[in-house]
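Analysis of the macromolecular model
Spelled out, the chains give:
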Amino acid sequence: MINQITISLIFALFGISFVLYLIQKIRKASSGTPKMEEISKAIQDGARAFLRREFQTMALVLIVIGICLGIINKNLGQVLAFFFGAFVSSLAGYLGMRISTLANAKTTEASRLSFVKGFDIAFSAGEVMGFLVVSLGLLGASVLWLISKDVNILINFAFGSSIAALFLRVGGGIYTKSADIGADLVGKVEQGIPEDDPRNPAVIADQVGDNVGDIAGMGSDLFESYVDAIVSSSVIGLLLLGEKGLILPFILAGLGILSSIIGSFFAKVSSKLENADFAQQVWGVEKAMNRGILVANVLMIILAYFLVQKIFGHLKFFWCLLIGLLVGFLIGKATQYYTSGEKKPVINIAKSAQFGAPVLILEGLATGFLSIILPVLGVAIAMFLVYSIALPYGLYGIAIAGLGVLVVLGINLSSDCYGPIADNAAGIAEMAELPPEVRKKTEALDAVGNTTAAIGKGFAIGSAALVALAWLVTFLQKAKLETINLADPKILASLFIGGMISFLFPALLIRGVSRGALEMVKEVRRQFREIEGLREGKAKPEYEKCIELVTKAALAEMLLPGFLIIILPILVGYFFGVEGLTGFLAGALITAFPLALFMADSGAAWDNAKKYIEAGNFGGKGSLAHQASVIGDTVGDPLKDTAGPSINILLKLIGKVALIFLPLFL
């Protein structure tokens, strides 16, 4: 068994070697003109300042939780594993963010030379985050198992990664949308200046937000999901099937890294796109990414077939993994259909904008509600199928399906993290006043990033739902619960409480964005009012004050919702027992999953409807339709980039809290 787990360790080290190769490649690229370097450095400094403050706050919380774990478990190894999980997750997010902020100006400069080179730098930087997450996640879990042979160590490692994800995803989400909304309301609406205009004091804070929210935040979120999928399926596998059940998830994850690396070499754009029009360039980039993902998935399926056959002598768990892969594909396609600017739902939203903001808001809400149907049905059908296929080990089949959604996360996350880098590159091209042909290239790269970001959020939410289901299954197994009585008032009460937290948590986050944006609006207005010549471009804004202000607001606003999702499962378990806690977890899962999808998809649909109008449709920029779409985009921003994705953390964290504190309730 030790030798077989070592195989996963080798794959993880191979993935880290690939990341080091990519970093060297990116570092060698030029950062462009002094103006471009200056803008990029301001974004880098702002992102580092935010993460430094966030890590300081997180360290205090980690110490308090670590002390509580030590008192309850009286096991130093579990406490150290908890701190190690938080450290590795934070390291992945920090390093990925550093490379993304380094690559933004390099992408812009590469685009000056050729469209192909611009895509190559942006995608390579996205790959750094994607492969850091999977390689460090698998490396950490493999090393801890080889050292301890204790599943509780693995569970605490996953718990530590959850706390890091809580800060990076939730704090980063509040930061990015507070800055974005504040910048838009004063800059575009009140002052009438373009997006990413250097005269706007909030513009650097907005660019920083793309990195701390959609790079560090998304990376830590999916790091947690990835580790959770490996750990939960390993724990269930060991309990039900012994050593074989533990080995399979580790080696599957290793093969996923290999498949993703091979697939990434197929994600190349054709040189024919160099002089193509905007639509053809966007289509060409999408085609390249889809080709890389397809190759990775096909290769993974082939390798998994032989691995499962070799370990078990049958293919039950291979079919479970395949169904998980298909569910991930379905969620991605459903999200793409409802959020892409080329599809009917978004075009209908843009069309409705001609009649004003209220109609546009209603059309966006309806689109968001409709978008959950296929993913929810897909997860429900998949759960039923894999349980039936894997009998008498149906619970393990569910866990393997959850791992199947994430098994080629390396390349999926690379495509997602490409988006913020391309967005920053387009912003730098605008702020550095580069020629129109360069802006056209960076805008084409950015247009694809909008779609990949939406797909990435849908993918993250879908995987979080299956991982949360795996934690629920693990909890039931560890608590030795086979059935619960729905007629029991304690179960019914806890179901309602679980459903309630799915609404309470995002409500607090959206209010946090609202408060942060209000403070940002006041600061931007002050600078336009008090700094002479700022509106005319003769004076430089005080970018640092905006970054500092929104950093403080984000960290302050995330503490209460973060505290609630840790303490509520403990309180429910204390007052309602293990059965009540099971109801609480089930109630949260059933409500949070569709709610998160609704918020992420409706927000992305409003955003792309605005971009569709800005491309010259239904009156273009400055029209009534455009004004309405800006309002819709502003409403949707905290839904798609803060509240919706942050529910991922809620779904996964409450399951781990319930499992770790289970001894208190038995």
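Presented here is an overview of the structure given in this document.

1. Brief notes about the overall build of the protein
- A count of helical and extended segments in the protein gives 19 helices and 0 strands.
- Its C-alpha radius of gyration of 24 Å places the protein within 12% of the 26 Å reference for a compact globule of 666 residues.
- If you line up the protein on its principal axes, its C-alpha atoms span 70 × 50 × 45 Å.
- The 666 residues of the protein split such that 63% are buried.
- Of the contacts formed within the protein by residues at least 6 apart in sequence, a portion of 85% connects residues at least 24 apart.
- Summed over all atoms, the accessible surface of the protein reaches about 23,400 Å², with 65% contributed by carbon and sulfur.
- Averaging the locations of the 53 positively and 51 negatively charged side chains of the protein gives two centres separated by 5 Å.

2. Section: the packing of aromatic side chains
- Counted according to the given criterion, the structure contains 19 aromatic pairs.
- With 5.0 Å between their ring centres and 85° between their planes, Y337 and Y338 make a pair best called edge-to-face.
- By relative accessible area, which is 37% here, Y337 ends up partly exposed.
- Exposure remark for Y338: the relative accessible area of 16% places this residue in the buried category.
- Put simply, the rings of F18, Y21, F131 and F265 pair up and form one aromatic cluster.

3. Description of the pattern of salt bridges
- For the structure on display, the rule yields 29 salt bridges.
- With a shortest N-O distance of 3.7 Å, R439 and E430 are connected by a salt bridge.
- Taking relative accessible area as the criterion, R439 reaches 25% and is therefore assigned partly exposed.
- Judged by relative accessible area, E430 falls into the partly exposed class, the value being 23%.
- Note that K640 and D637 form a salt bridge whose closest N and O atoms lie 3.6 Å from each other.

4. Topic: the nonpolar core
- Core analysis: the largest hydrophobic core is formed by 235 residues, its most contacted members being L248 and Y418.
- It is helix α17 (residues 543-614) that provides the largest number of residues to this core, a total of 30 residues.
- Sequence-distant contacts of L248, that is, excluding residues within four places in its chain, are made with L307, V308, I311, F312, F317, Y396 and I400.

5. Concerning a nonpolar patch on the surface
- A surface patch of nonpolar side chains, amounting to about 580 Å² of accessible area, comprises L370, I373, L377, I381, F384 and L385.
- No other element matches the 5 residues that helix α12 (residues 373-390) contributes to the nonpolar patch.

6. Here's the deal with unusual backbone geometry
- Look at the link from L391 to P392: it is a cis peptide, with omega at 10°.
- Relative to the helices and strands, P392 is located in the loop between α12 and α13 (394-406).
- Residue K149 is not a glycine yet carries a positive backbone phi of 55°.
- One can find K149 in the loop between α4 (115-148) and α5 (151-190).

7. Comments concerning the packing of helix α6 (residues 203-241) against helix α18 (residues 624-660)
- For the pair α6 and α18, the least separation of the axes is 11 Å and the interaxial angle reads 30°. With respect to each other, α6 and α18 are oriented roughly parallel. The crossing of α6 and α18 is left-handed. Two secondary-structure elements touch here, α6 through D214, D221, E224, S225 and D228 and α18 through D641, P645, N648, I649, K652, L653 and K656.

8. Brief notes about helix α14 (residues 409-431)
- The end-to-end C-alpha distance of α14, which contains 23 residues, comes to 34 Å, matching closely the 33 Å that a straight helix rising 1.5 Å per residue would cover.
- Taken across its 23 residues, α14 has 21 buried, putting it largely inside the fold.
- Where α14 ends, the next residue or the one after it, E433, has phi of about 55°, a positive value.

9. Considerations on helix α11 (residues 357-371)
- Relative to the 21 Å expected for 15 residues at 1.5 Å per residue, α11 spans 21 Å between its end C-alpha atoms, a close match to the ideal helical length.
- Among the residues making up α11, those that are buried are A357, L360, G364, T367, G368 and S371. End-on, the buried residues of α11 take up no more than an arc of 100°, which puts them together on one face. In this structure, α11 carries P358 and L362 as exposed residues pointing more than 90 degrees from its buried face.
- On its buried face, α11 sits against α9 (316-339), α10 (344-352), α12, α17 and α18.

10. Looking at the packing of helix α7 (residues 243-264) against α14
- Two elements in contact, α7 and α14, have axes separated by 7 Å at closest approach and are oriented at 45°. As judged from the angle between their axes, α7 and α14 are oblique. The segment α7 lies against α14, with S260, G263 and S264 engaging L409, G410 and I411.
- Residue composition of the contact of α7 with α14, grouped by class: 2 nonpolar, 4 polar and no charged.

Quick notes on the rules
Residues numbered from 1 in each chain as written. Predicted model: local features only at pLDDT ≥ 70, side-chain atom pairs only at ≥ 80, totals over all residues. Heavy atoms only, no water. Helix = DSSP H or I, 4+ residues; strand = E, 2+ residues; numbered from the N terminus. Rg over C-alpha atoms; globule rule 2.2 N^0.38 Å. Buried < 20%, exposed > 50% of the residue type's maximum accessible area, 1.4 Å probe, protein only. Contact = heavy atoms within 4.5 Å. Areas by Shrake-Rupley, 256 points an atom, 1.4 Å probe, with all protein chains shown as cover. Lys, Arg positive; Asp, Glu negative; His and termini not counted. Charge placed at Lys NZ, Arg CZ, Asp CG, Glu CD. Phe/Tyr/Trp six-rings, centres within 6.5 Å; stacked < 30°, edge-to-face > 60°. Salt bridge = Lys/Arg side-chain N within 4 Å of Asp/Glu carboxyl O. Core = buried A, V, L, I, M, F, W, Y, C linked by side-chain atoms within 4.5 Å. Patch = residues over 30% accessible without salt bridge, like charges linked within 9 Å, V, L, I, M, F, W, Y side chains within 5 Å. Axes fitted to C-alpha atoms, helices over the stretch in contact; angles between N-to-C directions. Parallel < 35°, antiparallel > 145°, perpendicular 65-115°, else oblique. Left-handed = near helix turned anticlockwise from the far one by under 90°. Expected span 1.5 Å × (residues − 1). Arc of directions from axis to C-beta. Nonpolar A, V, L, I, M, F, W, Y, C, P; charged D, E, K, R; others polar.

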